[in-house]
Structure formats: C-alpha cells, structure tokens
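Fold and contact review
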Amino acid sequence: MTRQHVAREIATTVLGRDPGPMTPADSLSHQVHVGADVVVKIIEVGRHPRLEREIALAPHLPAGVTAPLLDSGVHPVDGGEVRFACYARMPGAAPGMGLPRAGAATARDLAEQAVRRLQILHGWTPPEDAGRVLRERLDHGGFTGRTALLAEIDGLAAADRDTVVPPALIDGLTALAADAPEHTGGSVPVHADCHWGNWLADDGRVTALLDFEWARYGEPMDDWFFVIADSGHHLPIALDVVAGATATPPDVLRAACEIREANYLAADLRLALTDPAAHGALLAPRLDRLHQVITQRTWWKSFLD
C-alpha cells in the first residue's frame, strides 16, 4: 500500500468522507500529503519522536498561530504501523526559503506579520503537559551557551578525521564562541525552525506557522534568527523589522544571529561527517556557508547597514 493511499485512508476516516485528490509535499522529516482542505503527516512508528511532540503541543498552542489539529494516532499498514497527524489545511502557500518571489514591500509585510505571530507564541504560558514537552532535551543544533558551542566545535573537529573543514574555519568558530554569552535564558516557548518554508501566506496575509516538532523553551532570538537569516536578499529588511518590533539594536541582532548560525553550521557539519549516509548532502553547502560566515563575516557586511 502506497503512503499516498494510507494518507487518503486516514483523511477519509477523520473527515468521514472522501478527501479528494491528495498530493505529496516536500518534507525532510515526514511524509506529508495535502488535500483540498486537509493535510496528513505520517511517519513509521519508532523512527523518531518529533511528530509525537508536535501532536502533544498542538491542542495547547495559542489560537490562530498554527493549523488546527483534527485528529492523530496510529494507523496499521502492511503489517506495521504509522503515526499520523491530520490537520485542517490553511489557505495559501509557503513564501519559500529565502523569499524568492517576494518584492521588498511584500517581504517587509510578511516579516512584520511573522514577528507579531511569534510574539504571541513567545508570550504564551503553556499548561504543564505542554511545558513538559518543551523542556525535553533535543539535539536541535541551536545555540544554548558558550560551553555547549565549544563542545560542538570539539565534536566537529574530532569527527573531521580527513580535515575536510579547514583548520582556519575551526579556529574562527572557536574565536566566535569565545565572545558568546555563557548561558541563554531558555524560558520562552520558541518554534526554533521558523524559516520561510514553514509559514503559509495567502495574498500577502500570513495564515499559519507550521511544523512545531522542534519547539522548545529558548530565547526569542532563537526565532528572530530564522526570520532574518532566511530572508535572502531581503535580509536587511527583516533585520530592520525585528529591530524595530523588539527595540533591539541592529548590531546586537547581527551578533546574536551570527553565533546561532555558527552553532547550526557546526552541528550540521558534525552530522554530515559522522553519518554521511544520512546527512552527507549537508557537507558542501554548510562548508561553503561556514566559509562565508567566518572568513567573509557576512553578518557584518556593509549591505546589512
């Protein structure tokens, strides 16, 4: 039985009717199938727990932030089981990583709406069940403090037996870490993966923030980083929007984004080197970006002014 058939079967049960055609959508962590008014995410039981986390959080999230969860559970298939989450389909489409189709005015408007929606999330007081999920330890690759970043860099260096990552880049990471804060606050609910591929917008109006599988307690900056860094050539606009909305000096934002990107790059490169079969495709693009961050200091180029 194909996964598309499984998704249709699940949607039919949840809706009580035929959902109509369902189309597979791109996803790195789940199989996602989209119908006219329903979305089904499925994954083999036992593969990883992130969909379970998202399901546990979904009923408690602030109203209007994400797509409503219609049902979830386990569905039998071919002698095994898949875990599923069935969501109402929200109007619109993802603006796309890097905002490739947005003009300057649209980019600013989207960023302003995204910031307002994230501020609702950051101001949310989770009930105990949801708080317990947000406190779970995750290997999310995000910045949590100087000591953890230095340990990540040491792990990368140890995994790099063939010196794929030039020593100068390792030294540059270490120098960045030396100036990083020792601890982060970690007391605010954050999405922690809110790049522009995880938003929906319809005719310029943001309709939903999707994929809460990495949500955790962190700092608002953990989300501002994604909104800014993933804005492509509209990065200066997004930085200006966040600076204005949060009364944060632009240089403070730049420094915080730079250290977070360094942490994600170190974590991804370590994964690529330790498990090339699963993550090898990350190596070349992450290495190229690390060179830009460390050697070219892209977060401090004049075009950001």
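Up top is the structure these notes are about.
This one's a predicted model, so the numbers in the text were calculated from it and none came from an experiment. (Residues numbered from 1 in each chain as written. Predicted model: local features only at pLDDT ≥ 70, side-chain atom pairs only at ≥ 80, totals over all residues. Heavy atoms only, no water.)

**Some remarks on the layout of surface pockets**
- Approximately 470 Å³ is the volume found for the second largest pocket.
- Forming the walls of the second largest pocket are 23 residues, and the residues nearest its centre are Arg137, Leu138, His140, Gly142 and Thr144.
- Among the elements of the structure, α4 (128-135), α5 (146-159) and β9 (216-218) are those that each provide at least two residues to the lining of the second largest pocket.
- Of the residues belonging to the lining of the second largest pocket, the class tally is six nonpolar, nine polar and eight charged. (1 Å grid on protein atoms, 1.4 Å probe; cavity = no way out; pocket = protein on both sides within 12 Å on 5 of 7 lines; lining within 4 Å. Points joined across faces, edges and corners; volume = space filled by probe spheres on them. Helix = DSSP H or I, 4+ residues; strand = E, 2+ residues; numbered from the N terminus. Nonpolar A, V, L, I, M, F, W, Y, C, P; charged D, E, K, R; others polar.)

**Notes on the packing of helix α6 (residues 167-178) against helix α9 (residues 250-274)**
- As a packed pair, α6 and α9 sit with axes 10 Å apart at the nearest point and diverge in direction by 135 degrees. Classified by the interaxial angle, the pair formed by α6 and α9 is oblique. Crossing angle aside, the handedness with which α6 passes α9 is left-handed. Here α6 contributes Leu173, Leu176 and Ala177 to the contact with α9, which in turn contributes Glu258, Ile259, Ala262 and Ala266.
- For the contact of α6 with α9, the class distribution of residues is six nonpolar, no polar and one charged. (Axes fitted to C-alpha atoms, helices over the stretch in contact; angles between N-to-C directions. Parallel < 35°, antiparallel > 145°, perpendicular 65-115°, else oblique. Left-handed = near helix turned anticlockwise from the far one by under 90°. Contact = heavy atoms within 4.5 Å.)

**Focus: helix α3 (residues 104-122)**
- End to end, α3 covers 26 Å across 19 residues, agreeing with the expected 27 Å (1.5 Å per residue, within 8%).
- Every buried residue belonging to α3 is among Ala107, Leu110, Ala111, Gln113, Ala114, Val115, Arg117, Leu118, Leu121 and His122, and all of these are buried.
- Where α3 is buried, its residues meet β6 (188-190), β7 (199-202), β8 (205-209), α7 (220-229) and α8 (235-246). (Expected span 1.5 Å × (residues − 1). Buried < 20%, exposed > 50% of the residue type's maximum accessible area, 1.4 Å probe, protein only.)

**Comments concerning the side chain of glutamate 152**
- Considering the arrangement of structural elements, one finds glutamate 152 in helix α5.
- We classify glutamate 152 as buried; its relative accessible area is 11%.
- For glutamate 152, the residues in contact, after removing those within four places along its chain, are Asn263, Ala266, Ala267 and Arg270.

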